[in-house]
Amino acid sequence: GQSLEQPSEVTAVEGAIVQINCTYQTSGFYGLSWYQQHDGGAPTFLSYNALDGLEETGRFSSFLSRSDSYGYLLLQELQMKDSASYFCAGRDDKIIFGKGTRLHILP
Amino acid sequence: KAGVTQTPRYLIKTRGQQVTLSCSPISGHRSVSWYQQTPGQGLQFLFEYFSETQRNKGNFPGRFSGRQFSNSRSEMNVSTLELGDSALYLCASSLVTGQGSYEQYFGPGTRLTVT
């Protein structure tokens, strides 16, 4: 089976950096994806790590360590519009999502 | 290119009834996955279809079923509705299935309320 664990909530200050962690347990694994979902909206794809290391896309970066079954999403220069829920997702024979991390940003 | 569309957007049903939800993927996408989203459980995988074949199924009772048509459009059906089926049902499409389908495009969802 497969499960992904992530914190339920994280709070950070506008302009700061925040890291959202994701640990997983799976018998087979193809990589880790990250999605963002604003209230009332649909999840949107942010990034994907197939291999160990850091992937950078603008203010967002994602990291994967397969030996540690661990990954994280790093958001830099936080903006109020980044207030949303963030989901990690892994795949073996099907895509499984973590329960999501609600990011609160303080002005 | 048009995004994933889902109909209807909102639905209110009574316990014991059945419901059919529809999803049209992005043009050219052949994989369609369905998810149930509730506040306590997050996104839970229902099933995935690729080229009209069910590729995978999540841990939901047999009341939940689906199908995919030759044009890749997909429907899911829930029979004998229960109060606990109230949720946002999301459809997502991707170009391929398997290892390459890490990037999914989600529709706006259908908000189902069972009373």
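Residues numbered from 1 in each chain as written. Chains lettered and ligands numbered in written order. Predicted model: local features only at pLDDT ≥ 70, side-chain atom pairs only at ≥ 80, totals over all residues. Heavy atoms only, no water.

1. A closer look at the pairing of strand E11 (residues 110-114) of chain B
Residue and element names in this part refer to chain B. Alternating positions in E11 separate cleanly, Thr110, Leu112 and Val114 being buried on one face and Arg111 and Thr113 remaining unburied on the opposite face. Where strand E9 (residues 87-94) meets E11, 3 bridges bridge the pair, whose relative direction is antiparallel. Residue pairing across strands places Tyr89 opposite Thr110, the latter belonging to E11. (Buried < 20%, exposed > 50% of the residue type's maximum accessible area, 1.4 Å probe, protein only. Helix = DSSP H or I, 4+ residues; strand = E, 2+ residues; numbered from the N terminus. Pairing = 2+ DSSP bridges.)

2. Looking at the pattern of salt bridges
By the definition in use, this model includes 8 salt bridges over all chains. A:Asp39 serves as the salt-bridge partner of A:Arg102, at 2.6 Å between the closest nitrogen and oxygen. Within this pair, whereas A:Arg102 is found in strand E11 (residues 101-106), its partner A:Asp39 is found in the loop between strand E4 (32-37) and strand E5 (44-49), the two being separated by 63 residues in sequence. The closest approach of N and O atoms between B:Glu82 and B:Arg63, which form a salt bridge, is 3.6 Å. Placement of B:Glu82 in the loop between strand E8 (74-78) and E9 and of B:Arg63 in the loop between strand E6 (53-57) and strand E7 (64-68) is noted, with a sequence separation of 19 residues between them. Its relative accessible area of 15% is what places B:Arg63 among the buried residues. (Salt bridge = Lys/Arg side-chain N within 4 Å of Asp/Glu carboxyl O.)

3. Regarding the sheet that holds strand E3 (residues 19-24) of chain B
Residue and element names in this part refer to chain B. In spatial order, the strands read E1-E3-E8-E7; together these 4 strands make up an open sheet with antiparallel pairing. Each edge of the open sheet is held by one strand with a lone partner, namely strand E1 (5-7) and E7. On average, adjacent strands in this sheet sit at an angle of 20° to one another, irrespective of strand direction. The pairing of E1 with E3 spans 3 bridges and is classified as antiparallel. (Axes fitted to C-alpha atoms, helices over the stretch in contact; angles between N-to-C directions.)

4. Concerning the interface of chain A and chain B
Each side of the interface is counted separately: chain A has 15 residues, and chain B has 21 residues. With both chains or domains summed, chain A and chain B bury close to 1700 Å², and 58% of this area falls on carbon and sulfur atoms. Among the residues chain A hides against chain B, the three largest losses belong to A:Arg91, A:Ile95 and A:Phe97. Together they make up 28% of the total. Where chain A touches chain B, the interface holds 1 salt bridge. The partner of B:Glu48 in a salt bridge is A:Arg91, and the shortest N-O contact between them spans 3.1 Å. At the surface where chain A touches chain B, the tally comes to 3 residue pairs in polar contact (both at pLDDT 80 or more). Elements represented by at least two residues in the side of chain A that touches chain B include exactly E4, E5, strand E9 (84-91) and strand E10 (95-97) of chain A. The greatest single-element share of the side of chain A that touches chain B, amounting to 3 residues, is contributed by E4(A). By residue class, the composition of the side of chain A that touches chain B is 9 nonpolar, 2 polar and 4 charged. (Contact = heavy atoms within 4.5 Å. Buried area = accessible area lost by both parts, 1.4 Å probe. Polar contact = N/O pair within 3.5 Å; in protein donor to acceptor, adjacent residues only side chain to side chain. Nonpolar A, V, L, I, M, F, W, Y, C, P; charged D, E, K, R; others polar.)

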